[in-house]
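Coordinate analysis (summary)
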Amino acid sequence: MSVRTLVARLGVPLKITAQSRAVVSSRSHSGLAEARNVLQHELDSIRAAGTWKSERVITSKQGALISVEGSSGGILNFCANNYLGLSSHPEVIQAGIDALQKYGAGLSSVRFICGTQDLHKNLEQKLAQFHEREDCILYASCFDANAGLFEVLLGPDDAVLSDELNHASIIDGIRLCRAKRFRYKHMDLNDLEEKLKDSQSSRLRLVVTDGVFSMDGDVAPLVGICDLAEQYGALVFIDECHATGFLGPRGRGTDELLGVMDRVHIVNSTLGKALGGAAGGYTVGPKPLIDLLRQRSRPYLFSNSLPPPVVGSATRAVELLLASNEIAQSMAAKTMRFRNSMTKAGFTIGGAAHPICPVMLGDARLASLIADDMLKLGIYVIGFSYPVVPKGKARIRVQISAAHTDSDIDHAVDAFIKTGRKHGVVS
């Protein structure tokens, strides 16, 4: 039956139907216009506050020295998470090429259907060995690992106790679970104990903390956390994205640094920083937990498998660290060289003894201006402001890499001093 015949039978003039369509179309365009106005107002307010985040375009591989679109010559990069310089290590690159040639670009599937290859199982085994845990499960990112853990492990009869400055992915993951939620003050053991007392009626209790807090470079008090967890019968979880590979005598992370590897029960971390810098995350811990995550963790079940080149590169990175701790041990002296020189020059540096070295400035616009001026001097750094950090806590987060030479570090300090004097930060 034609539209015209149907309209005739209903007794509705065709021109009215056309008019109705025009009205609907007009309302649709009106809704889009209103949405555009709302979005543009929000964008304008971000620019006005000085917190606009521009994305610079890098035209080279990641490393200590990079090429940046619009800048001439090489630029020293001091803000990547490439802690060990492995993202451009020739053996790591070659391993990715070999995996691409042997296994292809991707699996076009999730793990349980037809997306598990032997190289995935091999990497999981090596990561479990590296962290000295029973088993490991790979994810597309550590954000996914954090999103997939808490909902599976904790139910309405359980409780989760989380540091107030935990990473956004932890916060979002906790929101997905039905456990009772307790947030304790940042690294405050007294407040954590109060929350443990308040949650004693729960079946399972999980204390959740970043091993290293990425904005400030401060290290969680894991010894005290583990003491309290054992006293009150709780489990301990740490996110080790900014520790895996370079903290501790063998680079195993915060738990090794503080001597509590056998007291921390679950570790989530990333392949996208020190371990090759590509992508991917994982959970290591008790085998029954890992088995259950394979059955129920939604980001694992409904996300494509990690691409073979990523797995190949990460596997070689882990193998290098299992074979030698030389790269990890090189970090401490370089970190302290930068921290001590900057402090002596009059800058306030957050955290302590970690390659994350926040140059505290307070004002968002000032942080952005200094970062732009540093680029003109051949140093790539980025200003961090709200909502990445709290209002009034703007900073430039410098990150030291094993790939940086002493000369690179001294060059960066000199550039900070010159720029800091221009803007009245130091005298």
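Owing to the predicted nature of the structure, the values given are computational and were not obtained by experimental measurement. Sequence positions are assigned chain by chain, starting from 1 and proceeding in written order. In keeping with the model being predicted, local features are shown solely for residues with a pLDDT of at least 70 and side-chain atom pairs are shown and tallied solely at 80 or more, while totals for entire chains, interfaces and linings include all residues. Note that water and hydrogens are dropped before the side-chain values are worked out from all heavy atoms of the structure.

1. A short note on the overall build of the chain
Condition: A run of DSSP states H or I qualifies as a helix once it reaches four residues; a run of E qualifies as a strand once it reaches two. Both are numbered from the N-terminal end. Buried means the residue's accessible area, taken with a 1.4 Å probe over protein chains only, is under 20% of the maximum for its type, while exposed means over 50%, and partly exposed covers the values in between. Any two residues whose heavy atoms approach within 4.5 Å at even a single point are treated as in contact. Each accessible area is a Shrake-Rupley result for a 1.4 Å probe, and residues are judged covered by the shown protein chains and nothing else. Only four residue types enter the tally: Lys and Arg on the positive side, Asp and Glu on the negative side; His and the chain ends are excluded. For the purpose of locating charges, the reference atoms are NZ of Lys, CZ of Arg, CG of Asp and CD of Glu.
Counting its secondary structure elements, the chain contains 17 helices and 15 strands. Each principal axis of the C-alpha atoms in the chain carries an extent, and together these give about 85 × 55 × 55 Å. Looking at the chain as a whole, 49% of its 427 residues qualify as buried. Counting only contacts in the chain whose residues sit at least 6 apart along the sequence, the fraction spanning at least 24 positions is 70%. Summed over all atoms, the accessible surface of the chain reaches about 20,100 Å², with 53% contributed by carbon and sulfur. Side-chain charges in the chain split into 47 positive and 44 negative, and the spacing between the mean points of these groups amounts to 8 Å.

2. Observations regarding the pairing of strand E5 (residues 180–184)
Two faces make up the sheet, and in a regular strand the side chains alternate between them. Going by this rule: Strands pair, by our definition, only if DSSP identifies at least two bridges between them. Looking down the strands as they point away from the viewer, one classifies a crossover as right-handed if the path from the first strand across the helix to the second runs clockwise.
Summarising the sheet, strand E4 (residues 159–163) and E5 pair through five bridges and their orientation is parallel. Bridged to valine 160 within E5 is arginine 181. Handedness of the crossover is the feature at issue here: the chain leaves E4, passes through helix H7 (residues 168–176), returns alongside E5, and the resulting connection is right-handed.

3. Observations concerning helix H15 (residues 331–345)
Keep this limit in mind: Multiplying 1.5 Å by the helix residue count minus one yields the expected span of that helix. Arc definition: it is the arc formed by the directions from the helix axis to the C-beta atoms.
Between the first and last C-alpha of H15 there are 22 Å, a value that for 15 residues agrees with the 21 Å anticipated at 1.5 Å per step. The set of residues buried in H15 consists of Met331, Lys334, Thr335, Phe338, Arg339 and Met342. Down the axis, H15 shows its buried residues gathered within 125° of arc, on one side only. Residues of H15 that are exposed and angled more than 90 degrees away from the buried face: Ala332, Ala333 and Lys344. Contacts made by the buried residues of H15 are with helix H14 (326–329), strand E12 (356–362), strand E15 (394–399) and helix H17 (406–422). Once H15 ends, the next one or two residues include glycine 346, with phi positive near 110°.

4. Concerning the packing of helix H6 (residues 142–153) against helix H11 (residues 287–296)
Packed helix pairs are specified by the crossing angle of their axes together with the interaxial distance, meaning the distance between the axes. Rules: Whenever a helix is involved, its axis is fitted only over the stretch in contact; in every case the axis is a line through C-alpha atoms, and angles between N-to-C directions fall within 0 to 180 degrees. Convention used here: angles under 35 degrees read as roughly parallel, angles over 145 as roughly antiparallel, angles from 65 to 115 as roughly perpendicular, and any remaining angle as oblique. Ten residues, namely Ala, Val, Leu, Ile, Met, Phe, Trp, Tyr, Cys and Pro, are considered nonpolar, four, namely Asp, Glu, Lys and Arg, are considered charged, and the remaining ones, Gly among them, are considered polar.
The N-to-C vectors of H6 and H11 enclose an angle of 105°; their axes lie 10 Å apart at closest approach. Comparing the axis directions of H6 and H11 gives the class roughly perpendicular. Across the interface between the two elements, Gly148, Leu149, Val152 and Leu153 from H6 touch Leu289, Leu292, Leu293 and Arg296 from H11. Of the residues that constitute the contact of H6 with H11, the class distribution is six nonpolar, one polar and one charged.

5. Some thoughts on the nonpolar core
To be explicit about the condition: We define a nonpolar core as any set of buried Ala, Val, Leu, Ile, Met, Phe, Trp, Tyr and Cys residues linked to one another through side-chain atoms lying within 4.5 Å.
Residues Leu123, Leu127, Leu192, Leu196, Val207, Leu271 and Tyr282 are the most contacted members of the largest nonpolar core, which totals 53 residues. If you tally residues by element for this core, the top one is helix H13 (residues 308–323), at seven residues. Core analysis: the second largest hydrophobic core is formed by 28 residues, Met342, Phe347, Ala371 and Met374 among them.

6. Points about the sheet that holds strand E1 (residues 65–66)
Across the sheet, three strands lie side by side as E1-E2-E13; this open sheet has mixed pairing. With partners counted over all chains shown, the strands left at the sheet margins are E1 and strand E13 (379–380), one partner each. Here strand E2 (residues 75–77) pairs with E13 via two bridges, running parallel. Each bridged residue has a counterpart across the sheet, and for leucine 76 the counterpart in E13 is isoleucine 379.

7. Examining helix H8 (residues 189–198)
Of all the residues in H8, the buried ones are Asp191, Leu192, Glu193, Lys195 and Leu196. Where the residues of H8 are buried, they touch E4, E5, strand E6 (205–210) and helix H9 (222–232).

8. Examining the pattern of salt bridges
As a reminder of what qualifies: By convention in these notes, a salt bridge is any Lys or Arg side-chain nitrogen within 4 Å of a carboxyl oxygen on Asp or Glu.
Under the counting rule described, the total for this entry stands at 23 salt bridges. Note that arginine 263 and glutamate 230 form a salt bridge whose closest N and O atoms lie 2.8 Å from each other. Placement of arginine 263 in the loop between helix H10 (254–257) and strand E10 (266–270) and of glutamate 230 in helix H9 is noted, with a sequence separation of 33 residues between them. Aspartate 410 serves as the salt-bridge partner of arginine 337, at 2.9 Å between the closest nitrogen and oxygen. Placement of arginine 337 in helix H15 and of aspartate 410 in helix H17 is noted, with a sequence separation of 73 residues between them. Classification of arginine 337 by relative accessible area gives partly exposed; the value is 32%. Residue classification places aspartate 410 among the partly exposed positions, given a relative accessible area of 28%. One network of salt bridges, in which partners are shared, links Glu91, Lys126, Arg316 and Glu319.

9. Observations regarding the sheet that holds E12
Pairing within the open sheet is antiparallel, and its three strands lie in the order E12-E15-E14. Two strands lie at the open edges of the sheet, namely E12 and strand E14 (383–384), each paired on one side alone. With two bridges connecting them, E14 and E15 associate as antiparallel partners. The residue of E15 that forms the bridge with phenylalanine 384 is arginine 395. Packed onto the sheet, H15 meets E12 and E15 and runs at close to 20° relative to E12. Packed onto the sheet, helix H16 (residues 364–376) meets E12, E14 and E15 and runs at close to 40° relative to E15.

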